[in-house]
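These are the residues of each chain, in order.
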Amino acid sequence: MISMADISTILSRYDENDIKIATVCSHSALQIFHGARMEGFATIGISTARNRPYYESFPIAKPDIFIEIDDYKDILNKDIQEKLMKENAIIIPHGSFVEYIGADNILEYLLVPMFGNRLTLLWEGDRRRQRRWFDEAGIPTPKVYDSPFEVDRRVIVKLHGAKGGSRYFTASNRYDLESKLQKLGYREGYVIEEYIAGVRYYPHFFLSPLGRPNIPGIGYGSLELLGIDRRLEVIDEVYRGWPDVIEDYLDFTVTGNQPVVLREKLLIDLLEIAVRLVSTSRKLFHPGLVGPFCIETIYNPKRGFIVFEVSARIVAGTNLYTSGSPYSVFYYNEPMSTGRRIAREIKKAIKEDKLETIIY
Ligand code: AMP
């Protein structure tokens, strides 16, 4: 595994007056480039030849430099990595970046300095580890069943490797589950989770290790809530098929995002959960969460917020707020997207000579 010391050495060779922000042209790249430009950074887009002209078509968000690749895994090739390091590039990881290259490959082979703590990849990508993190933080989560025989209520089944809710399915009880598993031929490679009824909220946070403590329990650094979204999944539209239940609607695939705000008194609960996740992350994988992260929650009025996942990087839902959100205005008197916030943190770190605290 590439160590923090390796990255610090590479970073020490960088020209701090010419740092460039780089990412793969996908997911939230336009927001990242746009935000970086607003903070005065030059940008590098890693793109396929097919995507390049489309990214070039956005005059204010297009990257300044393109690096063309045939396959996203080529980023790990020596020549591409050297090119990026020669440009003093800092990579901003987003969902597609991690998915295309693979968390293990990033940990083993990516020498280019990356914003945030790459150890989080080990914790967010593994459901068991993630569960340990939540348990140690004392955060309510859906019950997980080791075997179908233990199931005593409605459950949702998540296949390993299924992305964005695709191929998830629900079962109303143990017998329904057994018959569905048999019909689909699944013997292993899935998680059986209690199905939580409630309203989903996906708050976007930013943890700045360089900021002044602004919230109880944070220890060091500051925590900002930069926005909240709700993912639009096919099943959300199931009512459109009524009075019949159309099978195709029973699908949790994420297809888009919608802005939401939370009843204000519930914000406190959410902020408390975020602080606990941050503190525990620091104990489990020092320096813990750094930069953007999103908590995936379902609010059930009897049980409060139940957390079913954390994404420890910029999430696509932040694309709703490229010019700020109903929450970012409480921290900034200017349009502040998560992409811009990342660039601002890098700028501050350069100024204070603390880049290695936010880059690994
Ligand atoms: P995920 O891939 O874990 O982000 O989940 C995709 C979608 O599945 C979520 O946005 C929810 O709609 C649904 N989901 C996941 N876990 C649960 C749960 N425990 N109870 C109810 N719905 C869930």
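The model shown is predicted, which means the values in this text are computed figures rather than measured ones.

So, helix H11 (residues 338-351)
Line of reasoning, step 1. In this model H11 runs 20 Å from its N-terminal to its C-terminal C-alpha over 14 residues, within 8% of the 20 Å that 1.5 Å per residue would give.
Line of reasoning, step 2. When you tally the buried positions in H11, you get 10 out of 14 residues, the bulk of the element.
Line of reasoning, step 3. Residues Thr338, Gly339, Arg340, Arg341, Ile342, Ala343, Glu345, Ile346, Ala349 and Ile350 constitute the buried set of H11.
Line of reasoning, step 4. Its side-chain oxygen placed 3.4 Å from the backbone nitrogen of Gly339, Ser337 serves as the N-cap of H11.
Line of reasoning, step 5. Just past H11, the residue Asp353 takes up positive phi, approximately 60°.

Here's the deal with the pattern of salt bridges
Line of reasoning, step 1. In the structure shown here, the tally under the stated rule is 29 salt bridges.
Line of reasoning, step 2. Taking the shortest distance from any N to any O, the salt bridge between Glu39 and Arg344 comes out at 2.9 Å. With Glu39 in the loop between helix H2 (29-38) and strand S2 (42-47) and Arg344 in helix H11, the pair connects residues that are 305 residues apart, well separated along the chain.
Line of reasoning, step 3. Take Arg344: its relative accessible area is 22%, and that puts it in the partly exposed class.

Regarding the site of the ligand
Line of reasoning, step 1. Around the ligand, the surrounding shell holds 18 residues, and the nearest of these are Tyr168, Ile196, Tyr202, Glu233 and Glu309.
Line of reasoning, step 2. Interatomic distance of 2.9 Å between a side-chain N/O atom of Glu193 and a nitrogen atom of the ligand.
Line of reasoning, step 3. Among the elements of the structure, strand S6 (155-159), strand S8 (190-194), strand S9 (199-208), strand S10 (222-233), strand S12 (291-300) and strand S13 (304-311) are those that each provide at least two residues to the shell around the ligand.
Line of reasoning, step 4. Class assignment for the residues of the shell around the ligand results in 9 nonpolar, 1 polar and 8 charged.
Line of reasoning, step 5. Each of domain 2 (124-139 + 198-246 + 253-358) and domain 3 (144-194) gives at least three residues to the shell around the ligand.

What counts, and where the lines are drawn
Residues numbered from 1 in each chain as written. Predicted model: local features only at pLDDT ≥ 70, side-chain atom pairs only at ≥ 80, totals over all residues. Heavy atoms only, no water. Helix = DSSP H or I, 4+ residues; strand = E, 2+ residues; numbered from the N terminus. Expected span 1.5 Å × (residues − 1). Buried < 20%, exposed > 50% of the residue type's maximum accessible area, 1.4 Å probe, protein only. Polar contact = N/O pair within 3.5 Å; in protein donor to acceptor, adjacent residues only side chain to side chain. Salt bridge = Lys/Arg side-chain N within 4 Å of Asp/Glu carboxyl O. Near = heavy atom within 4 Å. Nonpolar A, V, L, I, M, F, W, Y, C, P; charged D, E, K, R; others polar. Domains from an automatic or database assignment.

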